[in-house]
Amino acid sequence: MTNAKWFQDVEANNREVKVYEKDNTFHKTKWKKVRVGDLVKVERDEYFPADLLLLSSSYDDGICYVETMNLDGETNLKIKQSLEVTCSLRDECSLQTFKAVIKCEDPNENLYAFIGSLYYSGEQYPLSPQQLLLRDSKLRNTEHIYGVVIFTGHDTKVIQNATEPPSKRSRIEKRMDKITYILFSALVLISSTGSIFFGIETRGDISGAGYRRWYLRPDASTVYFDPRRASLAAFFHFLTGLMLYGSLIPISLYVSIEIVKVLQSLFINQDQDMYYEETDRPARARTSNLNEELGQVDTILSDKTGTLTCNLMEFVKCSIAGTAYSHAVTEVERAIAKRRKDGAPEIGDSSSDLAEQNSDVTGSNPSIRGFNFRDERIMNGRWMREIHSDVIQKFFCVLALCHTVIPAVNKESGELTYEAESPDEACFVIASREIGFEFYERTQISISLRERDPKTGENIDRSYMLLHVLEFSSYRKRMSVIIRDKEGHLLLLCKGADSAMFGRLSEDGRAFEANTKDHISKYDETGLRTLVVAYRDLSEGEYRTWKEEFFKAKTSVTSERNALMDLVADKIEKNLFLLGATAVEDKLQKGVPECINKLAEAGIKIWVLTGDKLETAVNIGRLYRYACSLLRKGMIQIVITLDSPDIIALEKQGEKDAITKASCENVEKQINEGKSQLNSAKKHSVASALVIDGKSLTFALMGNLENLFWELAIDCASVICCRSSPKQKALVTRLVKLRTGKTTLAIGDGANDVGMLQEAHIGVGISGVEGMQAVMASDFSIAQFRFLERLLLVHGHWCYRRIAMMICYFFYKNITFGFTLFMFEASASFSGRPAYNDWFISFYNVFFTSLPVIALGVFDQDVSARLCLKYPLLHQEGVQNILFRWRCIIGWMLNGVICSIIIFFFTTSSILIQAFRGDGHVAGSEELGVAMYTCVVWTVNCQMALSINYFTWIQHIFIWGSIIFWYIFLVIYGFLPPKVSTTAYKVLVEACAPTPLYWLATLAVVISALLPYFIYNAFRTRFFPMYHNIIQTMRLQSSETQNPVGFFARVQDKIRYMKERLRKKNHERR
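Criteria and thresholds
- Residues numbered from 1 in each chain as written.
- Predicted model: local features only at pLDDT ≥ 70, side-chain atom pairs only at ≥ 80, totals over all residues.
- Heavy atoms only, no water.
- Buried < 20%, exposed > 50% of the residue type's maximum accessible area, 1.4 Å probe, protein only.
- Helix = DSSP H or I, 4+ residues; strand = E, 2+ residues; numbered from the N terminus.
- Pairing = 2+ DSSP bridges.
- UniProt positions renumbered as here; feature names shortened; annotations may be inferred.
- Contact = heavy atoms within 4.5 Å.
- Core = buried A, V, L, I, M, F, W, Y, C linked by side-chain atoms within 4.5 Å.
- Axes fitted to C-alpha atoms, helices over the stretch in contact; angles between N-to-C directions.
- Patch = residues over 30% accessible without salt bridge, like charges linked within 9 Å, V, L, I, M, F, W, Y side chains within 5 Å.
- Areas by Shrake-Rupley, 256 points an atom, 1.4 Å probe, with all protein chains shown as cover.
- Salt bridge = Lys/Arg side-chain N within 4 Å of Asp/Glu carboxyl O.
- Expected span 1.5 Å × (residues − 1).

Draft legend 1. Structural view of the pairing of strand β27 (residues 577-585). Buried residues dominate β27, accounting for eight of its nine residues. Pairing between strand β17 (residues 314-320) and β27: six bridges, direction antiparallel. Looking across to β27, one finds that Ser319 is bridged to Ala581. Where strand β26 (residues 529-538) and β27 come together, seven bridges link them in antiparallel fashion. For Val532, the partnering residue across the bridge sits in β27 and is Ala581.

Draft legend 2. Spotlight on the UniProt feature "binding site: Mg(2+)" (unreviewed entry) in the protein chain. The UniProt record marks Asp303, Thr305, Asp749 and Asp753 with the feature "binding site: Mg(2+)" (unreviewed entry), using the residue numbering of this structure. If you trace the backbone, Asp303 turns up in the loop between β16 (297-302) and β17. Its relative accessible area of 3% is what places Asp303 among the buried residues. Discounting residues that sit within four places of it in the chain, Asp303 has contacts with Leu308, Leu609, Thr610, Lys729, Ile747, Gly748, Asp749, Asp753 and Met756.

Draft legend 3. View of the pairing of strand β30 (residues 688-692). Of all five residues in β30, five are buried, a share of seventy percent or more. Where burial is concerned, the two faces of β30 agree: the one with Ser688, Leu690 and Ile692 and the one with Ala689 and Val691 are both buried. Pairing of strand β29 (residues 636-640) with β30, which is carried by five bridges, proceeds in the parallel orientation. Looking across to β30, one finds that Ile636 is bridged to Ser688.

Draft legend 4. Geometry of the nonpolar core. Among the nonpolar cores identified, the biggest contains 96 residues, and Ile807, Tyr836, Phe840, Phe884, Tyr933 and Trp966 are the most heavily contacted of them. A total of 19 residues in this core trace back to one element, the largest contributor, which is helix α24 (residues 787-827). Counting residues in each nonpolar core, the second largest holds 72 residues, with Val398, Ala400, Phe437 and Ile482 among its members.

Draft legend 5. Spotlight on the sheet that holds strand β22 (residues 446-452). Strand order in this open sheet of nine strands is β18-β17-β27-β26-β25-β24-β23-β22-β21, and the pairing throughout is antiparallel. For this open sheet the edge positions go to β18 (323-325) and β21 (437-442), each flanked by a neighbour on one side alone. Across the sheet, the mean angle separating the axes of adjacent strands is 30° when strand polarity is ignored. In the sheet, β17 pairs with β18 via three bridges, with the strands oriented antiparallel. Within β18, the residue paired with Ile320 across the bridge is Thr323. Against the sheet, helix α12 (residues 513-525) touches β17, β18, β26 and β27, its axis set at about 10° to β27.

Draft legend 6. Geometry of a nonpolar patch on the surface. There is a patch of nonpolar side chains on the surface, built from Val846, Phe847, Trp960, Ile964, Phe965, Ile968, Val971, Ile972, Phe975 and Val989 and spanning about 860 Å² of accessible area. Breaking the nonpolar patch down by element, the ones donating at least two residues are α25 (838-848) and α31 (953-974). For the nonpolar patch, the element with the highest residue contribution is α31, accounting for six residues. Assignment of secondary structure puts Ile972 in helix α31.

Draft legend 7. Highlighting the side chain of Glu292. Mapped onto the elements, Glu292 comes out in the loop between β15 (284-285) and β16. Sequence-distant contacts of Glu292, that is, excluding residues within four places in its chain, are made with Ser170, Ile172, Glu173, Lys261, Gly796, Cys799, Tyr800 and Ile803.

Draft legend 8. Representation of the sheet that holds strand β7 (residues 101-104) within the structure. In space, the three strands of this open sheet follow the order β7-β8-β9, with antiparallel pairing throughout. With one partner strand each, in any of the chains shown, β7 and β9 (123-127) form the two edges of the open sheet. In this sheet, neighbouring strand axes are inclined to one another by 20° on average, regardless of whether the strands run parallel or antiparallel. Two elements, strand β8 (residues 116-120) and β9, share five bridges in a ladder whose sense is antiparallel. Among the inter-strand pairings, Tyr120 is bridged to a residue of β9, identified as Glu123. Running at roughly 70° to β9, helix α13 (residues 540-555) makes contact with β8 and β9 of the sheet.

Draft legend 9. Summary view of helix α9 (residues 389-401). Here α9 spans 18 Å end to end across 13 residues, near enough to the 18 Å set by a 1.5 Å rise per residue. Extensive coverage of α9 is indicated by the burial of 10 of its 13 residues. Taken residue by residue, α9 has Val391, Ile392, Gln393, Phe395, Phe396, Cys397, Val398, Leu399, Ala400 and Leu401 as its buried positions.

Below, the structure is given as structure tokens:
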């Protein structure tokens, strides 16, 4: 456990909450002392100290508003409601006589389920998640609540869900570790080689009765040079070599990289072009470990709702009694019209006209959030003139009554707003209000509307008794309420997915089925989200029987309770009368098509993983095709689904083994058929797209089918997985990550995307409508999908290039320095004597070469941000790892070896063979060491100057300042007493500086050492340019001439060749 986490736990455990004590009053108690069974009072804006059963609140009907952002990331408030039998416990006096027993499930991690019963006054009352208040959620818009502690500490659901986030490291860091191992092996090899030669030389110092190197006094030597114990001396020399050549191991590189990555993260955080002013949210690098990984992304796996779309639903169209209403134009229709330049297509009926988009339809208010519906036939009460006015009335009554929305009135403005758990429900209630069915009040037992009387045309208030709410679930795909009107009629109102609704219609209720299906199909084609609306009358006898059965299922304290409740709900949700269908638009975020198009140009593949149904996912893909070719016209669509009559019939029978076997066989058959379609499409050079639903995906990711599925998916130009569960999203992400072996990026905005964000190499969270859960689990966060373009193509490219160059350069400068030491030792009979002063060696990586490499990692730009976006192909440098492949790494290492050889031999040749000082004295080891060290400092810093593409004043200060600081240090250190400065005592002032040979040798050696790299780089840039070299040349071309000739013409040909090569490569992979 980290210190930060420990401090957070201590802080949470020491928070205080009011607990009801034996003296019948509330006393403040620390969270860590709260026990199961305690009665607590939580006040506004306080966190819940444990998992609580809601008894009552400051509202008469026992409701309260809860913010669960710390649990699921959702920012919209959740409505919780106590049991009616306990909502009267509203003060300390009433709590004195309250005695009850709670039986519930064992502690578990499921945030959205709770099974239990309350036994009070001899009666049993079923409990549901509606009465459960979870620890770490916060009370909002409610003065206080009273609750009973059910789970504490590690038994609470939030702690049960706590998991350690996965540790992620970039590919460059992993490769850097391998290089470090190689260098360590080289260190051991060099030290071993030196010690072997040293042992041989030392053993040979005694030759018979004489001494070969008598001047070393082998007869009086220490153990380190004793020829009689040469093996032991060689071992000690080996240890000396490990310390002497320790600079080969780039320990300071890890520190430098961490500094650079933190600074890079600050630049990402401060980028104004990724700041979203509407929500005041900038981009955030939540980790600095993966900056360079952004520049290597090969595949993006994206959620749809809230990520590619706004998740702000608008009621756009509807079909009622077989008639399509609304003239509003969707983004798909607008895109088609823009392409064809001949207006929008007909959707529903001939009255749909693109020109109506900007017309001022009487009674419509385009500025209303969530409502973009235009049709004069039913606005302002004109629906009463329609033939099927009774059906229209029932249709909007269902929308106004069948929900869990809570109305809220602003005390200052008097404005009515709605607190909804989903944007869909809010837009349905708003649409009903705008048509004339205003939902304005809700209690535990009633719902009130202000609606227009068809007979008198007057607005009247009407209350409905709310008997049951059958909540939506992914299994049921529908929601129902059972109500009783003032006349005593029992009604079941239902809305749900078409796949779950049409099979439940009665024979008499199918009058509008054909037209409604046709309209739904057309709505789906324009990317709209559709729901079917229906109702039925209930008899008293049927309802009474069903109620008893439902109560038994609801009060069962077993793990099967939800399944039993769904089964009982199925029995009454039948024989429905079809009223119509709704069509809601979740618009694409601004700039999404352009962003996807740019990413596709960069060679990045995009998979869409969505929870939407197959038709909606496909049609959103069609929307993309008009801008970014996700699903292009003429593209063969391979659809894999288990919504076939045979499978559905088996599911009704409930035989799990038979269903599994048949489903596997069906999916395998469809995959093989898809591969045949794919092969046929390849022969005709036609691209293919794969669309697979969640049920099929479950089996496609099992056993042998996984290989077949991958072979099909990787050859498709686009892949869309719909109806995907959070677990399936994570599994698909893992499949792509492991099979491609390249960098994957997952992007999402909701709690259901957390799994794939953590599974991918890089997780990007969007701080959108669905809360902050995805952001909290992400590595990077942005406010809009379109900012991903700049994050990858600009910051990703820069960070990749900077880190790659920085590491390569670091190895180069350390090898250059280390090998001069080795060659000097070799020339000194492997004596272990260092060429440089100890402080020279210590300060090399700290003061004389560290700052320029940090400046390279933070500021260098091979091309500007504008050109990065203009030429997205540049991203392929990172995907193909051009700057950090082994060939490039070895090339830099070889450059270091060459430089060290030139520095050593040229320096020794120019200094040692002649008089060094003006008085005729030759150079000693001190002067040679300073001259050679000077050449190393100049060479590696000038090499940095040659490698940098973008000079700033900071780079100039760091590069030339490091060289100047070497001379300043040498002067100051040389003036210290000889016992301190040792070999450096006044060596510059008295020995080197006055000698012209020292300066001329430095100049000649540095130029000679840099010349090989300069020649190689010039040759490669001219005849084998990299992507960034080509773009740099094009930039020069545009500034010099508009008519490319000679070299510039060849550059243009090279660009065309690379684009064609990338296109062919992607086509082959697909």
